[in-house]
Amino acid sequence: MAKHEHVRVAVIGSGFGGIGAAVRLRREGITDFVVLERADSVGGAWRDNSYPGCACDVPSHLYSFSFAPNPDWPRTFSGQRHIRAYLEHVTDTFGIRPHLRLNHEMLKARWDAEALRWEIETSGGTFSAEVLVSAAGPLSDPRIPDIPGLVDFPGKVFHSARWDHDYDLRGKRVAMVGTGASAIQIVPEIQREVGRLTLFQRTPPWVMPRMDRAISGVERRLHRALPVTATLRRGVLWGIRELQVGAFTKHPGELGLVERLAKANIARSIKDPELRARLTPSYRIGCKRILLSNTYYPALAQPNVDVVASGLREVRGSTVVAADGTETEVDAIVFGTGFHVTDIPIAERVVGAEGHTLAESWKDGVQVLRGATAGGFPNLMMIIGPNTGLGNSSMILMIESQLNYMADYLRQLDVLGGRAALAVRPSAVNAWNRKVQSRMERTVWKAGGCDSWYLDANGRNTTLWPGTTAEFRRETRRVDLSEYEVIRAPRTAPAERRTPKKKETAR
């Protein structure tokens, strides 16, 4: 029978958010914690997404922790293999391995109002924790649309985030469904080896050139010898992106020049005017994430590629049928259709103080305070929570801000002493979300004329942050106790026998 563990903090997920939380806990002197991971290794999205051509569209020196700089990034935009290796390195460097509980999928977490703790059921055993930190992330669970006839398709079907490396695409007739960030990396890689590639495009993306290059040995040696040079490089990359925020959040009209440059990028590679028209978006650039590639358009111009300007409607045997009636015989279907972002599955598994799941509490729309805490769920923290996403910069900046908030949350519990919990006040949640949604109305994501995965079923953008990363850091630097209710354990609550933990020196 699997043993039960009680810890002060349980972290769900071991991607950037989960590993970052683990490192921050140790640096705060907290060692009484576990990281629950459903897979057999760390890495999160950078473990799951191993499709051909997978790489980051944020510069390497900005897409890394400020407390763990990497002077040896091989390229200005690093690939999946190197980013995953970086996370493994951080895990080892900061002593996180003993805290990992791999192959422990979180099945249910329920708040115990008597004991003031979370009771957690996983595929590898049970746990209880005073604080639960969800770092599962919004890009964890692939979304495959419900296509009539798909279940009877005789060929191979898989999602980009669950790439089947055992299936040989050489010479095959392949349908690529979707034109998001994954698809524009996959298409150029597989176009060279498949017999025929049919791209199903509901909405064309805006694609800009990718200014990627190898980082020279001289640069890397300089960054190792003088770390301040890497810090300066990171600062410049950050500053440039902070200056761009106003165009996305306040003045979308200023993006017109960028749009013209993007159209010129299409014209350079696509000479066929009919194809060029199909690939030119009709919405304002930035409304969906601006994608980066030097090879996507050239690949689409090749004779073995067809672009169907329509979504996939149904499957009849080995025939895929587009919404416009186009029929194509294929051997394999690859879905690049994104993830459950506004309807994250883990929300179905977390039960709060009133016996409702997080998903039930969000039935009228997702709402949290500062991207971190939800009403009715005491001592639950979120990393990469709602309205913390970015359209033009590095999510690691937002993660580190939320780690600051998590650290202060735990300090406040220490100051309160005894058995206590913090429950966010509904009035604070409502006030925060009114402010965020009011600011969202001016952004290109709401006013740009597109329908994106940033929006929920009600048309609300519950995904992105409508401001700079510096502003978000200020908003999450400290926990304001006036936004919370302090809950004390009933006198009859069972006391958990705890052995005092010796604080460790920060690494």
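Report on the accompanying structure. (Residues numbered from 1 in each chain as written. Predicted model: local features only at pLDDT ≥ 70, side-chain atom pairs only at ≥ 80, totals over all residues. Heavy atoms only, no water.)

Considering the state of the cysteines
Within the structure shown, the criterion is met by 1 disulfide. A sulfur-sulfur distance of 2.0 Å marks the disulfide that ties Cys287 to Cys450. One quick way to see it: the torsion about the S-S bond of Cys287 and Cys450 is about -90 degrees, and its sign makes the bridge left-handed. Pair noted here: Cys287 is in the loop between α8 (273-279) and β11 (291-292) and Cys450 is in the loop between α13 (444-447) and α14 (469-475), with a separation of 163 residues, a long-range link. In this pair, the class of Cys287 matches that of Cys450, namely buried. For Cys54, which is in no disulfide, the shortest distance to another cysteine sulfur is to Cys56 and amounts to 8.8 Å. Cys56 sits in the buried class, given a relative accessible area of 4%. (Disulfide = S-S within 2.5 Å. Helix = DSSP H or I, 4+ residues; strand = E, 2+ residues; numbered from the N terminus. Buried < 20%, exposed > 50% of the residue type's maximum accessible area, 1.4 Å probe, protein only.)

What to know about the sheet that holds strand β12 (residues 305-308)
Strand order in the open sheet made by the 5 strands is β7-β16-β8-β9-β12, with parallel pairing throughout. One side of each edge strand has no neighbouring strand; the edge strands of this open sheet are β7 (156-159) and β12. Across the sheet, the mean angle separating the axes of adjacent strands is 15 degrees when strand polarity is ignored. For β7 and strand β16 (residues 332-335), the ladder comprises 4 bridges, and the chain directions are parallel. Bridge pairing in β16 links Val157 to Ile333. (Pairing = 2+ DSSP bridges. Axes fitted to C-alpha atoms, helices over the stretch in contact; angles between N-to-C directions.)

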